[in-house]
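Now for the letters of each chain:
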Amino acid sequence: MVTEYICWDCEKGYQPQDLQRAAMVLKQHGLVAFPTETVYGLGGSGLCPEAAKRIYEAKGRPSDNPLILHISKSEQLPMIADRIPDVAYSLMKAFWPGPMTLIFHKNKCVPREITGGLETVAVRMPSHEAARMLIEAAGVPIAAPSANTSGRPSPTTAAHVREDLDGRIEMIIDGGAVNIGVESTIVDLTEDIPTILRPGHITKDMLQQVAGEVRMDAGLLGTDSDRKPKAPGMKYRHYAPRAKMTVFDGELDVVVKQINDRAREYPAAQVGILASEETADSYTHGQVVSAGSRNARTIEQGLYSALRLFDHKGVKVILSESFSQEDKGEAIMNRLMKAAGQHIIYLSRE
Ligand code: TXA
Ligand code: MG
């Protein structure tokens, strides 16, 4: 299959004929990757089992891992969700359109192929103009997981999508680099207390200000080893570069020293170091990649690109700094730890 590339420009938007072609691909149950404010999505017609099947095939994704339905206006919600609690309306008013996904009981018209066999459905209204126009033009909710091969870091540019899916899907819409860089916060509204199933750009504090008490999924915290994460996707090693990765946690100068020492155990070409702008110059041996600035809080935006860059460099091991857990750092550390298969070393000052 030859993948067609079209452009979305943040000032000029779509060429009208391009938007129509993209909508037509979706209507015919084909796949279109498109930018959202979080990461690129791999879109297929949201109420159509065949499109869901193609999404799973293109990504190589286990079919028990459900998809998020993307809508462009709130009126589309009752069509796909059932028993919508009042708190949903407050959360939607505060954070939609934007990087928050809500889990509801599903309505009958949502096929099980979309929900991985579950009786619940994930819904999000993205704020990216290109995504919203595409959903409008398609005339139906769009099912869209992140547009990466299953297990790899999510794509934050069209070039990342091309790396994973060129020749496997009908179309890629290039809207440049996304501005957030990690996936949406997932909040389950089917329990009495809203529960975060995946941390993201919208933090627990932000949700609590609107919804009152909010919990973290116990399976996510790893406090109770018997509990699996409730979002099926959170149980896999994920967001991962090919090399074996270890995260070092502790005071920053101790971490830098330890990574410098460990790096010398490998040939320089084979060891990757995931650093930050503030520390990158402190490393003397290995392939140093900065995810972004700690002070300017750009790690969220640069993390996935940095992980992919290690694949291009062909390193065998990655030694990574850890980042603040505060605030939006919760999402960053959640993704980093999954990329490292939870492999972390805690360092204390001697
Ligand atoms: O920011 C995002 O959310 C991006 C953009 C493209 O919108 N999408 C995204 O989709 O990250 P995906 O498929 O890569 O991740 C969806 C996550 C998975 O962990 C999946 O298990 C969980 O949402 N999920 C979907 N439906 C669910 C449900 N009914 N119950 C629990 N978890 C669900
Ligand atoms: Mg994903």
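As a starting point, this report considers the structure included with it. (Residues numbered from 1 in each chain as written. Chains lettered and ligands numbered in written order. Predicted model: local features only at pLDDT ≥ 70, side-chain atom pairs only at ≥ 80, totals over all residues. Heavy atoms only, no water.)

## Digging into the sheet that holds strand β15 (residues 287–290)
Filter applied, for reference: Strands qualify as paired when DSSP identifies two bridges or more between them. Labels follow the DSSP assignment, with helices taken as runs of H or I lasting at least four residues and strands as runs of E lasting at least two, numbered in each case from the N terminus. The angle between two axes is taken between their N-to-C directions and runs from 0 to 180 degrees, where each axis is a line fitted to C-alpha atoms and a helix contributes only its stretch in contact. In this analysis, two residues are considered to be in contact whenever any of their non-hydrogen atoms come within 4.5 Å of each other.
Taken together, the 5 strands give an open sheet; going across it, the order is β15-β14-β16-β13-β17, and neighbouring strands pair in parallel fashion. On the outer flanks of this sheet lie β15 and β17 (344–346), each paired with one strand and no other. Strand-to-strand twist in this sheet, taken as the mean axis angle between neighbours without regard to direction, amounts to 20°. Summarising the sheet, strand β13 (residues 244–249) and β17 pair through 3 bridges and their orientation is parallel. If you follow Phe248 over to β17, its bridge partner there is Ile345. Where helix α9 (residues 252–263) meets the sheet, it contacts β13, β14 (271–275), β16 (317–321) and β17, and its direction lies at approximately 165° from that of β16. Each of β13, β14, β16 and β17 touches helix α11 (residues 329–339); the most contacted strand, β13, lies at about 135° to it.

## Observations concerning empty space enclosed by the protein
Definition in use: For each structure, a 1 Å grid was placed over the protein atoms alone; sets of points admitting a 1.4 Å probe that cannot get out are labelled cavities, open sets with protein on both sides within 12 Å along at least five of seven lines are labelled pockets, and lining residues have an atom within 4 Å of a point. Grid points are joined across faces, edges and corners, and a volume is the space filled by probe spheres set on the points. Three classes are used: nonpolar for Ala, Val, Leu, Ile, Met, Phe, Trp, Tyr, Cys and Pro, charged for Asp, Glu, Lys and Arg, and polar for all others, with Gly counted as polar.
Applying the stated criterion to the full structure yields 1 cavity of 30 Å³ or more. The computed volume of the largest cavity comes to approximately 40 Å³. As for the largest cavity, its lining consists of Ile196, Pro199, Gly200, Ile202, Thr203, Lys204, Met216, Asp327, Glu330 and Ala331. Taken together, the residues of the lining of the largest cavity sort by class into 5 nonpolar, 2 polar and 3 charged.

## A word on α11
For an α-helix, the turn length of 3.6 residues means that residues three or four places apart are oriented alike. This is how it is decided: Exposure is judged per residue with a 1.4 Å probe applied to protein chains only, and the accessible area is read against the type maximum: over 50% gives exposed, under 20% gives buried, and values in between give partly exposed.
When you tally the buried positions in α11, you get 10 out of 11 residues, the bulk of the element. Among the residues of α11, those classed as buried are Gly329, Ala331, Ile332, Met333, Asn334, Arg335, Leu336, Met337, Lys338 and Ala339. Within two residues after α11, Gly341 carries a phi angle of roughly 55°, on the positive side.

## Some thoughts on the pattern of salt bridges
Side-chain pairing between opposite charges can occur once the charged atoms of the two side chains come close. So the rule is basically this: Salt bridges are identified by distance alone: a Lys or Arg side-chain nitrogen within 4 Å of an Asp or Glu carboxyl oxygen.
What the rule picks out here adds up to 21 salt bridges. The partner of Glu163 in a salt bridge is Arg152, with the nearest N and O atoms 3.6 Å apart. Here Arg152 lies in the loop between β8 (142–143) and α6 (158–165) and Glu163 lies in helix α6, a separation of 11 residues in the sequence. On the accessibility criterion, Glu163 (35% relative accessible area) is partly exposed. On the basis of relative accessible area, Arg152 is assigned to the buried category, the value being 12%.

## Describing the pairing of strand β9 (residues 171–174)
Where a strand is regular, its side chains alternate between the two sheet faces. Relative to β9, strand β1 (residues 4–7) runs parallel, the two being bridged by 4 bridges. Bridged to Ile6 within β9 is Ile173. Here strand β2 (residues 32–34) pairs with β9 via 2 bridges, running parallel. Counted as the bridge partner of Val32 is Met171 from β9.

## Points about the environment of Val178
Looking at the element boundaries, Val178 is found in the loop between β9 and β10 (185–188). The spacing of Val178 and Pro155 is 23 residues in sequence and 8.9 Å in space, taken between C-alpha atoms. Contacts of Val178, omitting those with residues within four sequence positions, involve Thr36, Glu37, Thr38, Val39, Tyr40 and Thr156.

## Describing the nonpolar core
Applied cut-off: In this description, a nonpolar core means a group of buried Ala, Val, Leu, Ile, Met, Phe, Trp, Tyr and Cys residues linked to one another through side-chain atoms lying within 4.5 Å.
One finds Phe104 and Leu274 to be the most contacted residues of the largest nonpolar core, which totals 79 residues. Residues within four places of Phe104 in sequence aside, it is in contact with Leu77, Ala81, Asp82, Ile84, Pro85, Ala88, Glu119, Thr120, Val121, Val123, Leu189 and Thr190. Counting 20 residues, the second largest nonpolar core, distinct from the first, contains Leu26, Val32, Phe34 and Ile135.

## Section: the site of ligand 1
Using the following cut-off: Any residue with at least one heavy atom within 4 Å of a molecule or strand is counted as near it. Throughout this description, a polar contact denotes any pair of N or O atoms lying within 3.5 Å of each other; where both atoms belong to protein, one of them has to be capable of donating a hydrogen while the other can accept it, and for residues adjacent in sequence the pair is counted only when both atoms sit in side chains. Using a 1.4 Å probe, accessible areas were evaluated by the Shrake-Rupley method; residue-level cover was limited to the displayed protein chains. If over half the atoms of a molecule are within 2 Å of the grid points of a cavity or pocket, the molecule is regarded as sitting in it.
Contacts to ligand 1 come from 28 residues, most closely from Thr38, Asn65, His70, Ser184 and Gly233. For ligand 1, an oxygen atom lies 2.7 Å from a polar atom in the side chain of His70. Coverage of ligand 1 by the protein amounts to 97% of the 680 Å² it exposes when considered alone. Among the cavities detected, the one that contains ligand 1 is the largest pocket. Looking at the shell around ligand 1, the elements with two or more residues in it are β4 (68–70), β7 (120–124) and β11 (195–198). Of the residues forming the shell around ligand 1, the biggest block, 4 residues, is contributed by β7. Classifying every residue of the shell around ligand 1 by side-chain character gives 15 nonpolar, 8 polar and 5 charged.

## Let's talk about the side chain of Thr279
Along the chain, the position of Thr279 falls in the loop between β14 and β15. Under the relative-accessibility criterion, Thr279 is labelled buried at 4%. Among the polar contacts made by the side chain of Thr279, one reaches the side chain of Glu321 at a distance of 2.5 Å. Setting aside residues up to four positions removed in sequence, Thr279 forms contacts with Leu252, Val256 and Glu321.

## Description of the packing of helix α10 (residues 299–313) against α11
Put simply, the test is: Any angle that is under 35 degrees is reported as roughly parallel, and any over 145 degrees as roughly antiparallel; angles of 65 to 115 degrees are reported as roughly perpendicular and all others as oblique. By definition, turning the near helix anticlockwise from the far helix through less than a right angle yields a left-handed crossing, and turning it clockwise yields a right-handed one.
Two numbers describe how α10 lies on α11: the axes approach to 10 Å, and their chain directions differ by 15°. One way to sum up the angle between α10 and α11 is to call them roughly parallel. In terms of crossing hand, the pair formed by α10 and α11 is left-handed. On the side of α10, the interface is formed by Ile299, Glu300, Leu303, Tyr304 and Leu307, while α11 contributes Ile332, Arg335, Leu336 and Ala339.

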